[in-house]
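Fold and contact review
Given next are the chains, with one letter for each unit.
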Amino acid sequence: MNALTIESLEKIYQNGTIALKNVSLKVDDGDFFALLGPNGAGKSTLIGIISSLVTKTSGRVSIFDININESFGLARSMLGIVPQEVNFNQFETLDEILINQAGYYGIPRKEATEKSNYLLKKLKLWKQRKDISRTLSGGMKRRLMIARALIHDPKLLLLDEPTAGVDIEIRKTMWDFFKTLNSSGTTIILTTHYLEEAEHLCNRVGIIDGGSIIVDTSMTELLSKRNSESFILDCAEKYTDLPELGSASVLAIDDLRFEITVEKGTDLNGIFKELSKSGIDIKSMRNKGNRLETLFLDLTGSYE
Ligand code: ADP
């Protein structure tokens, strides 16, 4: 079953900005899905629509096959949301915030208290449970938002930049927590600026740019692309057959041009020798470039 199904989603804001263009996306039950994209790509709009905080212009969104517009309450009960901005009552204690949230979902007080205690311990907030939340550090506030999102055991968790501004030590603890949560069956969608975070946690990746999904693939596939580069080769004369080229993958474009994809750093001389043996002389060659790489450079400021 899909944890999330998005079909032909469009969003045009009142001022005419087209934030999402015909977005379709599926997230499988059990996935840890990274939603990446540069600033202004449409991530927050997409997350906002899934969370029912932003109204869509057209299209459909279902959570575990439940249409969010037709059965809002039921769909909402399966969803946990950790937004970027702190949005709890900063004058309540941690205990109160969690137990009130549980009340919103109709969870009996005894059960709510047990769940709240469990989450406060798990997220290393136990000592602070009677404190007014305003006094928490930034990292603690974020962890409290995570605890609050999990109080009703959602099957799908949306994490919007959960570790932004959190120090490395705490980030690692949060990663371990997310991994355990995902292994125990919670589907997670994460937006992040840290490619390393997505790499470490996620099994699938969607990249959104200019309101469109430009990549929707597995992390393994994405990483294999990252380590490869493609060249377009122009032949001196028309060829009929292309030879096998060892580890390089070969794709014909027309009878004068073809594309090869090799692991970065591969010695191309061997490939030219093979081609020459098969009677193919190369007139010119250009690097095809890697859109993904460029995009990630924009995203992260560094590639490795
Ligand atoms: P991201 O989260 O990827 O940075 P957003 O979803 O915030 O992207 O924005 C997508 C586009 O929609 C941008 O061009 C942004 O300026 C525009 N946008 C976002 N919110 C609004 C709004 N409330 N009114 C008008 N335009 C908006």
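Here's what I pulled together on the structure shown here. Residue positions are given per chain, counted from 1 along the sequence in the order it is written. In keeping with the predicted nature of the model, local features appear solely for residues at pLDDT of at least 70, side-chain atom pairs appear and are counted solely at 80 or more, and the whole-chain, interface and lining totals rest on all residues. Heavy atoms from the whole structure form the basis of all side-chain values; hydrogens and water molecules are not counted.

Strand pairing requires that DSSP identify at least two bridges connecting the strands. The helix and strand labels rest on DSSP assignments: H or I over at least four residues marks a helix, E over at least two residues marks a strand, and numbering proceeds from the N terminus. Sheet architecture is open: four strands sit in the order S12-S13-S11-S14, paired in antiparallel fashion. Only two strands of the sheet have a single neighbouring strand rather than two, namely strand S12 (249–252) and strand S14 (282–287). Averaged over neighbouring strand pairs, the angle between their axes works out to 25° when direction is ignored. With four bridges connecting them, S12 and strand S13 (residues 257–263) associate as antiparallel partners. Within S13, the residue paired with Val250 across the bridge is Ile260. In this analysis an axis means a line fitted to C-alpha atoms, helices contributing only their contacting stretch, and an angle means the value between N-to-C directions, from 0 to 180 degrees.

Here the focus is the side chain of Arg143. With respect to the secondary-structure elements, Arg143 resides in helix H5 (residues 138–150). Burial classes: relative accessible area under 20% of the type maximum marks a residue as buried, over 50% as exposed, and values in between as partly exposed (1.4 Å probe, protein chains only). For the charge count, each Lys or Arg is scored as positive and each Asp or Glu as negative, with His and the chain ends excluded. Put simply, a salt bridge is a Lys or Arg side-chain nitrogen that is within 4 Å of an Asp or Glu carboxyl oxygen. Despite being buried, Arg143 has no salt bridge partner; Asp167 is the closest side chain of opposite charge, sitting 7.2 Å away. If near-sequence neighbours (up to four positions away) are discounted, Arg143 is found in contact with Leu123, Lys124, Leu125, Ile170 and Met174. Pairs of residues are marked as contacts when any of their non-hydrogen atoms sit within 4.5 Å.

Attention now moves to the layout of surface pockets. Estimates place the volume of the second largest pocket at around 260 Å³. What lines the second largest pocket is a set of 14 residues, and nearest its centre among them are Arg76, Ile81, Asn87, Gln101 and Arg148. Breaking the lining of the second largest pocket down by element, the ones donating at least two residues are helix H2 (72–77), helix H3 (94–104) and H5. Classification used: nonpolar for Ala, Val, Leu, Ile, Met, Phe, Trp, Tyr, Cys and Pro, charged for Asp, Glu, Lys and Arg, polar for all others including Gly. Partitioned by chemical class, the residues of the lining of the second largest pocket number seven nonpolar, five polar and two charged. For cavity detection a 1 Å grid was placed over the protein atoms alone, and a set of points counts as a cavity when a 1.4 Å probe fits there but cannot get out; an open set counts as a pocket when protein lies on both sides within 12 Å along at least five of seven lines, with lining residues being those that have an atom within 4 Å of a point. Grid points are joined across faces, edges and corners, and a volume is the space filled by probe spheres set on the points.

This part covers the side chain of Thr217. Within the secondary structure, Thr217 is located in strand S10 (residues 212–218). For Thr217, the contacting residues outside a window of four places in its chain are Arg204, Val205 and Leu222.

Bringing the nonpolar core into the picture now. By size, the foremost hydrophobic cluster in this structure holds 44 residues, and its most contacted members are Leu144, Ile146, Leu157, Phe177 and Phe178. The element contributing the most residues to this core is H5, with seven residues. Beyond its immediate stretch of four places on either side in the chain, Leu157 contacts Gly80, Val82, Ala149, Leu150, Leu181, Thr186, Thr187, Ile188 and Ile189. If you look at the next biggest cluster of nonpolar residues, it comprises 28 residues, including Leu35, Ala41, Ile47 and Leu156. Residues belong to a common nonpolar core when they are buried Ala, Val, Leu, Ile, Met, Phe, Trp, Tyr or Cys residues joined through side-chain atoms within 4.5 Å.

Distances are taken per atom, and a residue is near a molecule or strand as soon as one of its heavy atoms is within 4 Å of it. By nearness alone, every residue bordering the ligand is listed as Tyr13, Asn15, Thr17, Ala19, Pro38, Asn39, Gly40, Ala41, Gly42, Lys43, Ser44 and Thr45. The term polar contact refers here to a pair of N or O atoms within 3.5 Å; inside protein, the definition further demands a hydrogen-donor-capable atom paired with an acceptor-capable atom, and it admits residues adjacent in sequence only when both atoms are side-chain atoms. At 3.5 Å, a side-chain N or O of Tyr13 approaches a nitrogen atom of the ligand. Separating an oxygen atom of the ligand from a backbone N or O atom of Lys43 is a distance of 2.9 Å. Here the accessible surface of atoms and residues is derived via Shrake-Rupley with a 1.4 Å probe, and residues count as covered only by protein chains that are part of the display. When the free accessible area of the ligand is taken as 560 Å², the share hidden by the protein chains comes to 62%.

Across the sheet, which stays open at both edges, the four strands sit in the order S2-S1-S4-S5 with antiparallel pairing between neighbours. Every interior strand has two partners, whereas the edge strands, strand S2 (18–28) and strand S5 (66–67), have only one. In this sheet, S5 lies alongside strand S4 (residues 58–63) in antiparallel orientation, the contact comprising two bridges. Residue pairing for S5: Ile63 is matched across the bridge by Ile66.

Here the expected length of a helix is defined as 1.5 Å per residue gap, with one fewer gap than residues. Taking 1.5 Å per residue, 14 residues should reach 20 Å; helix H4 (residues 109–122) reaches 20 Å between its end C-alpha atoms and fits that length. The inward-facing, buried residues of H4 contact H3, H5 and helix H6 (168–183). Phi for Lys124, located one or two positions after H4, is positive at around 55°.

Classification of ring pairs rests on two measures: the distance between centres of Phe, Tyr or Trp rings, Trp counted by its six-membered ring, which must be within 6.5 Å, and the angle between planes, read as stacked under 30 degrees, edge-to-face over 60 and tilted in between. Inspection of every chain in the model, using the stated rule, returns three aromatic pairs. Relative to Tyr105, the ring of Tyr104 lies with its centre 5.0 Å away and its plane at 85°, an arrangement referred to as edge-to-face. By relative accessible area, Tyr104 is classed as exposed at 57%. On the basis of an interplanar angle of 55° and a centroid distance of 6.4 Å, the ring pair of Phe177 and Phe178 is categorised as tilted. Here Phe177 and Phe178 have matching classes, each one buried. Charge-over-ring contacts are defined here by two conditions on Lys NZ or Arg CZ: a distance within 6 Å of the ring centre and an angle within 35 degrees of the ring normal. A cation over an aromatic ring shows up here: Lys121 above the ring of Trp126, its NZ or CZ 4.6 Å from the ring centre. Directly above the ring of Phe64 sits Lys155, whose terminal nitrogen or CZ lies 4.2 Å from the centroid.

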